[in-house]
Amino acid sequence: MSKFTEERNGRGTQEWSEHTYNICVGCEHACLYCYAKPQAAWTKAELRVPGAWAKQKLNPNCSRLGAEVGRKGVVMFPTSHDITPNFLEPSLTTILNLLRNNKVLIVSKPHLSVIKVLCKELKHAKDDVMFRFTICSLNQDLCSFWEPGAPSITERLQCLRYAFERGWATSISAEPMLDDLEGTLALADRVDPLVTDTIWLGKMGPIQWQYNSHVPGFVEAGQRIKALQTDENILRLVAAFAGRKKIRWKDSIKKVLAAQEELAKAAA
Ligand code: SF4
C-alpha cells in the first residue's frame, strides 16, 4: 500500500493526508455544495455576498507558497480552492516547494491546460505525486448545476486519461456523489480503467441552503440529494459496490455503516 493509500483515522481531508495547504481565498469553480465557502465566510462577511466566492484571489497570508512547510508526510493541495489556469503559476511553485519535504496529493476538478503543465513540470517527482480528480457524476447537467464554474466532465475525463497514459498515479473522488445508484455505478465503471489507485465515494455534507437561496432550482436539487442519500440508499449503494477493490468509502458513508453495525449488534 502506498503512502497515499494508507488507512488514516481522521475525517474529511485527514482521511487522505497529514497536512493541507492552500494559497487562495475563494474559488472560481463556485460549487454550490462547497464546504470551504461557509468556513471562510464565517469570519469574512464579504464572502457571503452572492458571487463573491467565485472571485478567487491569492491569499496574502500564504505568500511563501509552501516553502515554509516542513516534513509532514502527504500534503493535500489544494483543499479550499482549485488550480484554475489563472492560478497555475503560483500553484506549480507551491507544489514544487511542498515536494521538497513531502509527497503531494493534488486534488482538483482539473483543467486540461493545467494538467498538461503539471505533468511536464513535475515529471522528476512522479513517485511523490498523486492526482485525485473530482468527478461526482457523468451527468453534465447535474455537474453544471452544482459546479457551475468547473471544467466539463468531458474535460475532466480527458485529464484523467492524459495523466494515466503518461504513467501518473491516478485516483477519483466522487464526493459529493451527485447521482443516483445507477449513475454512480456508471461513473465508477467509466473511470476504473484509468485509475491506478482508488475511487472515493462520499455523501454531500450539510446542504448549503443559506448561501444558495437565490439559485433557481436549488431547493428541489437539495431535496433530491437528501432523498438519494438516505441511510437506506447508502446501504444499497455499499451492497452494489461489494467486492470492488478500488472503491473507498468516505467518512460520511463509514458513519452510516457504523450505525448499521451498532443496530445489528443491539438486535443480536
Ligand atoms: S472546487 Fe472545491 S473549493 Fe472550489 S468551489 Fe468547488 S468545492 Fe469549493
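Residues numbered from 1 in each chain as written. Predicted model: local features only at pLDDT ≥ 70, side-chain atom pairs only at ≥ 80, totals over all residues. Heavy atoms only, no water.

Caption draft 1: Structural detail: the pairing of strand β6 (residues 129-134). Across the six residues that make up β6, a large majority, six, are buried. Of the two faces of β6, the one holding V129, F131 and F133 and the one holding M130, R132 and T134 are both buried throughout. Pairing analysis gives five bridges linking strand β5 (residues 103-108) to β6, with the strands arranged parallel. Of the residues in β6, the one forming a bridge with V107 is R132. Crossover handedness for the path β5 to helix α3 (residues 112-121) to β6: right-handed. Where β6 lies against strand β7 (residues 169-174), five bridges are found, and the strand directions are parallel. Pairing of R132 across the sheet is with S171, part of β7. (Buried < 20%, exposed > 50% of the residue type's maximum accessible area, 1.4 Å probe, protein only. Helix = DSSP H or I, 4+ residues; strand = E, 2+ residues; numbered from the N terminus. Pairing = 2+ DSSP bridges. Right-handed = clockwise from strand over helix to strand, strands pointing away.)

Caption draft 2: Quick peek at the environment of E232. Here E232 shows up in helix α8 (residues 231-240). When the C-alpha positions of E232 and I207 are compared, they lie 19 Å apart, and in sequence the two are 25 residues distant.

Caption draft 3: Broad picture of the site of the ligand. Taken together, C27, H29, A30, C31, Y33, C34, W53, S80, H81, D82 and K109 make up the full set of residues adjacent to the ligand. Its residues assigned to classes, the shell around the ligand shows six nonpolar, three polar and two charged. (Near = heavy atom within 4 Å. Nonpolar A, V, L, I, M, F, W, Y, C, P; charged D, E, K, R; others polar.)

Caption draft 4: Molecular detail of α3. Listed in full, the buried residues belonging to α3 are L112, V114, I115, L118 and C119. Burial along α3 is one-sided: seen end-on, the buried residues are contained in an arc of 155 degrees. (Arc of directions from axis to C-beta.)

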